[in-house]
Amino acid sequence: MLKKTIIQLTLAILLPFGPVFSQEKPVADYAPLYESGENKKSLEIIEKKLSGFYSKRVEDKRVPTGFITTRDIVKEIDLRELFRNRKARGFFIEDNSEIFNLHLYAGRNYYKLSKYDISLNHYIQSLRFKLIEYNKDDIVYYEISQVYKKTNQFNAYVNSLETAYTLNPGKNEYSLELGKALYNTSQKKKSAFHLERYIKSADDFPPEIYLMLGNLNEDLGRYLETEKYYAEYLKKKPEDGHIQFALGHIAYLRTGNYQLAETCLNRALQRLPEAEIFRRSKSYEYKGDMAMNNLEFVEAASYYLETIKYQEMIESDIKQKREKIDELKNKINALKSFLLKEQDFDKYDEYETLLEELGKREIILKQRQNEFNKFNSGRIRWNIADSFERVEKLEEAMKYYRMAISFDYNSNDAREKITKIMLKIKRGY
């Protein structure tokens, strides 16, 4: 009896593996249930069919060692050798459309039920029963990417999405999603590639895609491309004062397109809110710089003087913030003195609240000071003085050279300028 068991087992191992199911596409009674949102009922059918399939699937299962006889050592060695020499199957098992669809719809149903780990397992298992076809099976990888996205596995999400794109490059939505996904990463070139590819083939899309491409190209130092995409965005959204300023900034500082820069800066000044002090001030500063470069000194001085008005607003705001901080510090010190003498928990609560408020106010003040440092206050005053000197407004020129000294900008040169102007005024020529 034992010998017969060994022979049967050996034959089972040596026989070629035959297909378990027909390759004809099955009638998927679970699919309509999935489509109608009855996910649990759909899963009941799927799991029953999968259970039936795997219960008959014995070819990959190891025979329990208890069946191996110890009476005939030669036979035992032969059986073990057979197991040892069997090549493990790779990821792909067989092309079986029924099992592929069962796992695929199981993954879809579990995804709808927010059971993402189980969903992912079924999606991956479905690929073991399918020879991947281009322009067809990209949807599976796309759906897998969405599972990874839900579980915040960013790299896996992008990798799966890129596989979907590789399988079906004609589907532009993949490029759009990849471009957006990579936008805030270090892979800016790839993001720009996909977004550019998308807009070349899409009939209609939100103008924000142009804006994203402008930002990406600016980060990559491609300023002509930046200029192009910002301009395309502004054709659709001309009321966006912030991007009017951004394009003016690029046109002036990066591409040297003064005509475009002046047009955009003028539009920015019309559209930016009055509270947008930094950009409004910079707009006048750039206009002043361009006027000086064009030897239009009267216009340059007038633009720079507008810039100073905004600088003075910031200075006034900084002064007020410092005064508030000083008041708060005095109040905190008074409370601290009281608490050193008395144990008053209510007052201690107040003391901690004031300390927290002080910290917040000091951070805001520091941010404001950093903002003010970007105004190039000394350089602006030097340029005003230079412009006035060139048009023979000598008293005004000396006034602004002195201001430049107060900001420690070209102090030695400014003193020499003042001395020469004073001699010139004294001589009368």
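See the structure shown above.
Residues numbered from 1 in each chain as written. Predicted model: local features only at pLDDT ≥ 70, side-chain atom pairs only at ≥ 80, totals over all residues. Heavy atoms only, no water.

*Asks:* Explain the nonpolar core to me, and be specific about the residues and the numbers.
*Replies:* Grouped burial of nonpolar side chains is what soluble globular proteins tend to show. Counting 35 residues, the largest nonpolar core has Ile46, Val140 and Ile144 as its most contacted members. Secondary-structure elements contributing two or more residues to this core are helix 2 (30-35), helix 3 (39-56), helix 5 (97-112), helix 6 (116-126), helix 7 (138-150), helix 8 (154-167) and helix 9 (172-182). The element contributing the most residues to this core is helix 5, with seven residues. For Ile46, the residues in contact, after removing those within four places along its chain, are Tyr30, Leu102, Tyr105, Ala106 and Asn109. Within the second largest apolar cluster, 23 residues are counted, among which are Leu176, Ala192, Leu216 and Ile243. (Core = buried A, V, L, I, M, F, W, Y, C linked by side-chain atoms within 4.5 Å. Buried < 20%, exposed > 50% of the residue type's maximum accessible area, 1.4 Å probe, protein only. Helix = DSSP H or I, 4+ residues; strand = E, 2+ residues; numbered from the N terminus. Contact = heavy atoms within 4.5 Å.)

*Asks:* Talk me through the side chain of Ser175; I want residue IDs and the actual numbers.
*Replies:* Mapped onto the secondary structure, Ser175 falls in helix 9. Overall, Ser175 belongs to the buried group, its relative accessible area being 0%. When neighbours within four sequence positions are excluded, Ser175 is seen to be in contact with Tyr165, His194, Leu195, Arg197 and Tyr198.

*Asks:* Just give me the short version of helix 7, but keep the residues and values in it.
*Replies:* An α-helical turn contains 3.6 residues, so a residue and the one three or four places further along point in the same direction. The end-to-end C-alpha distance of helix 7 is 19 Å, a good match for the 18 Å that 13 residues give at a rise of 1.5 Å each. The elements touched by buried residues of helix 7 are helix 5, helix 6, helix 8 and helix 9. One or two positions beyond helix 7, positive phi appears at Asn152, with a value near 60 degrees. (Expected span 1.5 Å × (residues − 1).)

*Asks:* Any details on a nonpolar patch on the surface? Residues and values, ideally.
*Replies:* Taken together, the side chains of Phe91, Phe92, Ile124 and Leu131 present a nonpolar region at the surface, about 350 Å² in accessible area. Within the secondary structure, Phe92 sits in the loop between helix 4 (73-85) and helix 5. Residue classification places Phe92 among the partly exposed residues on the basis of a relative accessible area of 34%. (Patch = residues over 30% accessible without salt bridge, like charges linked within 9 Å, V, L, I, M, F, W, Y side chains within 5 Å. Areas by Shrake-Rupley, 256 points an atom, 1.4 Å probe, with all protein chains shown as cover. Salt bridge = Lys/Arg side-chain N within 4 Å of Asp/Glu carboxyl O.)

*Asks:* Any details on the environment of Met292? Residues and values, ideally.
*Replies:* Tracing the backbone shows Met292 in helix 15 (residues 277-293). As for Met292 and Ile384, which are separated by 92 residues in sequence, their C-alpha atoms are 9.8 Å apart. For Met292, the contacting residues outside a window of four places in its chain are Phe297, Ala300, Tyr304, Asn383, Asp386 and Ser387.

*Asks:* Before we move on, could you go through the side chain of Asn168 and cite the residues and values that matter?
*Replies:* Inspection of the secondary structure assignment puts Asn168 in the loop between helix 8 and helix 9. Apart from residues no more than four positions distant in its own chain, Asn168 is found in contact with Asn135, Asp138 and Tyr174.

*Asks:* Any details on the pattern of salt bridges? Residues and values, ideally.
*Replies:* As enumerated under the stated definition, the model contains 28 salt bridges in all. Asp137 is paired through a salt bridge with Lys130; the nearest N and O atoms lie 3.0 Å apart. Under the relative-accessibility criterion, Asp137 is labelled buried at 3%. Under the relative-accessibility criterion, Lys130 is labelled buried at 9%. The closest approach of N and O atoms between Asp386 and Arg390, which form a salt bridge, is 3.2 Å. Within this pair, Asp386 and its partner Arg390 are both found in helix 18 (residues 377-390), separated by four residues, close to a single helical turn. Residues participating in the shared-partner salt-bridge network are Lys130, Glu133, Lys136 and Asp137.

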